[in-house]
Amino acid sequence: MHLNYHAELNPEQYEAATTIEGPLLIIAGAGSGKTRVITYRTAYMLDKGVPQSAILALTFTNKAAKEMSERVRHVTGKKLQNLSVSTFHSFGVKILRKEIQRLGWRDNFSIYDEVDRTQLIKDCAREVGFRMDAFDPNKAGMVFSDVKTGRKDWVNDADGYEKIYHEYQAALKAYNAVDFDDLIGLPIRVFETFPEAREAYRDQFRFIMIDEFQDTSLQQYRLMRLLSRDNICVVGDDDQSIYSWRGANFENIINFEKDWPQRKEITLYRNYRSTTTILDAANSVIQHNSNRKPKDLVSPNEGGAMIEIYAPESEIEEGEFIARVIKEIKLKDKLRYDQFGVLIRTNALTRHLEEAFLAAQVPYRVTGGTSFFQRKEIKDVISYLRVIANPEDDVNLIRIANVPRRGIGRRSLELLSDVAKRYSCSMRAAMQRVRSDHDLEFPERTRQDIDSFLSLLEFFREEFKGRRNLSLKVRKLVDTIDYWGYLVSENQHNEKAAKWKFLNVESLIQGIDVWEKDPDNLEPTLYAWLNRISLITRDDQDEDDSGKVNLTTIHAAKGLEYDVVFIAGCEDGIIPHARALEEGDGNVEEERRLFYVAITRARQRLLITACRRRRRNAMPVDCTPSPFLAEIPEALLSWREDEAALTEDEAADAWTQVHAMFDK
DNA sequence: CGTCTCCAGGTTTTT
DNA sequence: CCTGGAGACG
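From a predicted model like this one, the values you see are computed outputs, not experimental measurements.

**Examining the protein's contact with DNA strand B**
As a matter of local geometry, DNA strand B sits amid 32 residues, with His 89, Arg 345, Asn 347, Ser 412 and Glu 583 nearest to it. Restricting attention to atoms of DNA strand B within 4 Å of the protein, one finds that 65% of them are sugar or phosphate atoms. In this structure, His 89 approaches DNA strand B through a side-chain N or O atom, which is 3.3 Å from a sugar or linking oxygen. Within the side chain of His 577, an N or O atom sits 3.5 Å from a sugar or linking oxygen of DNA strand B. Of all the elements in the fold, those that place two or more residues in the surface near DNA strand B are helix H18 (410-422) and helix H26 (578-583). Counting residues per element, the surface near DNA strand B draws most heavily on H18, which supplies four residues. Here the residues of the surface near DNA strand B are counted per class, giving eight nonpolar, 16 polar and eight charged.

Below is the structure:
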C-alpha cells in the first residue's frame, strides 16, 4: 500500500490518523473529515503491519458500519474479511454466539425485537395478575430498558412494574431469547464473570475505534472499557449527540478523559463539506445551545447558494414540490439522483414523499419507515423460521400457532398454557405432551390440530438442517402453509393489499437468495440469517444505491452527506418534536442538535419546506414553521414562492409568524 | 370453540 | 390509516 497520508490529510487529520498507539480522543466537528480520518487511520494501521483481526471499529447504525467498511475497502483496495467493523449490537451478538452458554442460554437463542418484546411484556403482566385495563406495555418496555441499562433502579417503582420485570426476565431465559439491551448487557456480564473470556477478546482486539462516541450509552462505554487496553480511539462531536433518549450520554467524553488521563486530544475543526452559507446557518442555530464545547468550524468554500425556504399548502404539495425541484436541480447542475438527500424527522412523513416520487418517477430509496421486517406478513414468515431454529421460542410459537388458521385458537392456547404451567415447560413441550399423553384431558379435535402443527414444524426443522438452498426451503414452507391463501382470506375486501403483502414475502425470499449466494458470505445458515436480520431494519444488502434519491430520517442520515439536502416537514411540533418537548426541557437542545445535524448534511444547497397544513391521523391540522428557522440569519434565507399560491403578502405573513415565535 | 366484525386508540428518533 | 383487542355469531 502506498498511501500518501500527508497529501491526503490536513495536519490535524494526519496526526489523528497516525497516532495509533495509546488512548486518543478526537473531537470532530460536522463535515471535518471524521470518516476520512477513521478510514486512513485503519489503512495506516494495516500499513504498519497490524493484522486485520486485531482491529475493531464500532459504530451505532448499520448504515454507518456499512459506509465505513466500504470506505476502508476503497482506500486500501483490499478485501477486508477479517476486519471487524460493526455496530455495538451486532458485535454483542458475535460475542454471545460464542459465549452465551456460560450464562445458561442455549445455542440458537432468539433475539426479540420491539414487537416480540411488547408481546412478551403483555403476557408477563397478565401472568403476574397486573391490572390490564390501564397497562401501557410500551411504557413498561421503556422502564425495563432503563433498568437493564443501569439508568434506573426499582427504588421508586411507582407503576409497580418490578414484578412484571422479573417475570419478563425469567420468560426470556426460558424461551432462550434475549432482547436488544441484552446484546450489550450480557457480553458485559460474560466479561465481568469470566475474566479468561475477557482476556481472550482483549488479546485479540488490540486496536479499538469507536465512532460517534457522543452517542455511546453508559452501558456501551462499560463494554468498551472492559474490552480495551490502551489503544483506544474515540471520535465524537457533542453537537451531534442525538440519541440521549436511547441512553446516549455525552458525559462519556468526560468519562474518557477521566479514565484515560494520558490520552491525546485532537480537534478537527476545518469543514470541507459545506458552503459558508450552510455553515453559518448551522453555527447560528447551534449557538443557541448552552452546555457545549465551543468550536468554530471554518470552511474554504466561500459563499454558496442561499438557503431556500418554501411553505407548501399541504404535505401533498410538499411532495410534489420536492420531486419537481429535484428534477430541476438535477438537470441544471448535472447531478445524479443519489446526490440528493431528503431528510425528515419522523418515519411517518415518508409516505407522501414516496407517493410524490412515484408519481413524478423520481427513483428513491427509503431507509427506516415501518421496518420491512416488522411488517406483519414478513414477521409471520420469520416467526416460523425462528421457531424452527429455536423451539423454545414461545412468543413466536404462539404468534404462528394459528397463522394461517388451523384450529388452534385463543381457547386452545389458554388450555395449552395451563398445561405448560402445570409441568413448567415451554408451549412447545406442552404441545408435545398433549399430543403423546392421551391420559391428559384435552379436546380431541384440538389435539389433532396440534399434532399436525407439530408435525409441520418437525418436518421443516429437519428440512432446514442442511445448509444449502435456504431460500428454496423458505419458499417451500410458505407454499406448504398456503400463506397466499391465508393472505387472500384475510384481506377479502382488499385484493391489492393481499397482493402487496405477498410481494413482500416474495421479496423476502429473494433477499435470502441473494444473501446466501453472496460469495463473501461465509455462513449461509438459517441461524446466521436470523441473527443478521434481527439487527437491521431494512434489507439493503443488495440494493443498488446509485441513481436514487435518499429519503431518510435525520437520525439515520447522521454521518452522511449530500450535495443537495431538503429538510421536509420543518414545522413546529415536528422539529422540535412535540413529544420530545413534553418529556423534558433539555430536549429542546437535543432537537436543535438534530436540526443542526440535518443542516450540516448539505454540501452545496439546502432547501427547507414547512407545510401550512398537514394531515395528521387523517385530520388536516394547521401548522406553523419550526421556531428553529428563526435562528438562521435572515440574510442567508430566500423564500421560494414560484408557481404556488404563495403571494408576497403571505410570505411576509409567514415571516411575521416565525419572528413572533422567536420573540416569545 | 373458532372466526368474523366492528371499534377504539395511537406513532420520535434505532438496535 | 392501520393494528390489536373485545364481543357477537355460527
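**So, unusual backbone geometry**
Residue Pro 404 is bonded to the preceding Val 403 through a cis peptide linkage, with omega at -5°. The amide bond that connects Ile 575 to the next residue, Pro 576, takes the cis arrangement and shows omega of -5°. Tracing the chain through its elements places Pro 576 in the loop between strand E13 (562-567) and H26. The residue Gln 361 is not glycine, and still its phi comes out positive at about 55°. One can find Gln 361 in the loop between helix H15 (350-360) and strand E11 (364-366). One non-glycine residue, Asn 469, lies in the positive phi region at around 55°. Note on placement: Asn 469 falls in the loop between helix H20 (444-463) and helix H21 (470-480). Its relative accessible area of 37% is what places Asn 469 among the partly exposed residues.

**Things to note about the protein's contact with DNA strand C**
Around DNA strand C lies a shell formed by Lys 122, Lys 376 and Ala 618. Within the side chain of Lys 122, one N or O atom sits 2.8 Å away from a phosphate oxygen of DNA strand C.

**Here's the deal with the packing of aromatic side chains**
Summed over the entire model, instances satisfying the criterion amount to 24 aromatic pairs. Ring centres 5.7 Å apart and planes at 70° place the aromatic pair Phe 91 and Phe 205 in the edge-to-face group. A residue pair is termed long-range when its members are at least 10 positions apart, and Phe 91 in helix H5 (residues 88-99) and Phe 205 in the loop between helix H10 (195-204) and strand E6 (207-210) qualify at 114 residues. Accessibility expressed as a relative area gives 3% for Phe 91, which makes it buried. Given a relative accessible area of 5%, Phe 205 falls into the buried group. Consider the rings of Phe 130 and Phe 135, whose centres lie 5.2 Å apart with planes at 65°: the pair is edge-to-face. Accessibility expressed as a relative area gives 23% for Phe 130, which makes it partly exposed. Phe 135 gets classed as buried once you look at its relative accessible area, which sits at 10%.

**A closer look at the nonpolar core**
If you look at the biggest cluster of nonpolar residues, it comprises 92 residues, and the most contacted ones within it are Ile 210, Met 224, Phe 256, Leu 385, Leu 416, Phe 453 and Trp 529. Broken down by element, this core gets its largest block of residues, eight residues, from helix H16 (residues 376-389). Here Phe 453 is in contact with Tyr 384, Leu 397, Ile 400, Ala 401, Arg 406, Ile 408 and Met 431, once residues within four sequence places are set aside.

**Topic: the confidence of the model for chain A**
For any part of a model where pLDDT is low, the fine detail of the predicted coordinates should not be relied upon. With 94% of its residues at a pLDDT of 70 or more, chain A shows a mean pLDDT of 87. Mean pLDDT across the elements of chain A bottoms out in helix H28 (residues 648-663) (52) and peaks in helix H9 (residues 182-193) (96).

Rules of the game
Residues numbered from 1 in each chain as written. Chains lettered and ligands numbered in written order. Predicted model: local features only at pLDDT ≥ 70, side-chain atom pairs only at ≥ 80, totals over all residues. Heavy atoms only, no water. Near = heavy atom within 4 Å. Polar contact = N/O pair within 3.5 Å; in protein donor to acceptor, adjacent residues only side chain to side chain. Helix = DSSP H or I, 4+ residues; strand = E, 2+ residues; numbered from the N terminus. Nonpolar A, V, L, I, M, F, W, Y, C, P; charged D, E, K, R; others polar. Buried < 20%, exposed > 50% of the residue type's maximum accessible area, 1.4 Å probe, protein only. Phe/Tyr/Trp six-rings, centres within 6.5 Å; stacked < 30°, edge-to-face > 60°. Core = buried A, V, L, I, M, F, W, Y, C linked by side-chain atoms within 4.5 Å. Contact = heavy atoms within 4.5 Å. pLDDT = per-residue confidence, 0-100.

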